[in-house]
Amino acid sequence: MADKPQSGSLFGVPYNFERPSLKRLVSSYWQPGDGMLVEKPFGIGYTLNLANWRAWVVLLVAGVMLYLERGGDSEEFEDDEADEPVEVVVD
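If you're wondering where the values come from, they're calculated on a predicted model, not measured in any experiment.

Caption draft 1: The arrangement of unusual backbone geometry in detail. Even without being a glycine, Phe11 presents a positive backbone phi close to 55°. Counting through the fold element by element, Phe11 comes out in the loop between strand S1 (7–10) and strand S2 (13–16). For Phe11, a relative accessible area of 82% puts it in the exposed group.

Encoded structure:
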């Protein structure tokens, strides 16, 4: 049986199934000279480069959206508590 490659690219998407080490994890997530997205140290696809300021903006926006979704600002819907019957006419 032929040995299958543990890392490479398939249809332009990188993959890497080699056993990750701590050094490889840290060097993968912190690459100051690269763009916002870098190859994952383990798995399929890309991840955020934490040495790039744009990645921190993405994380901040995602955090704010998660906070608002979980009920950070629910005052605007408090007036709708009085449920009144509604008549619906269907032709």
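Caption draft 2: Local environment of a nonpolar patch on the surface. Residues Val13, Phe17, Phe42 and Ile44 make up a contiguous nonpolar surface patch of about 380 Å² in total accessible area. With respect to the helices and strands, Val13 occurs in strand S2. Look at Val13 and you get partly exposed, because its relative accessible area is 35%.

Caption draft 3: Fine view of the pairing of S1. In the sheet, S1 pairs with S2 via four bridges, with the strands oriented antiparallel. Bridge pairing in S2 links Gly8 to Tyr15. In textbook terms, the turn of a hairpin is the stretch between consecutive antiparallel strands, and for S1 and S2 this stretch comprises two residues, one of which, Phe11, has a positive phi near 55°.

What counts and what doesn't
- Residues numbered from 1 in each chain as written.
- Predicted model: local features only at pLDDT ≥ 70, side-chain atom pairs only at ≥ 80, totals over all residues.
- Heavy atoms only, no water.
- Helix = DSSP H or I, 4+ residues; strand = E, 2+ residues; numbered from the N terminus.
- Buried < 20%, exposed > 50% of the residue type's maximum accessible area, 1.4 Å probe, protein only.
- Patch = residues over 30% accessible without salt bridge, like charges linked within 9 Å, V, L, I, M, F, W, Y side chains within 5 Å.
- Areas by Shrake-Rupley, 256 points an atom, 1.4 Å probe, with all protein chains shown as cover.
- Salt bridge = Lys/Arg side-chain N within 4 Å of Asp/Glu carboxyl O.
- Pairing = 2+ DSSP bridges.

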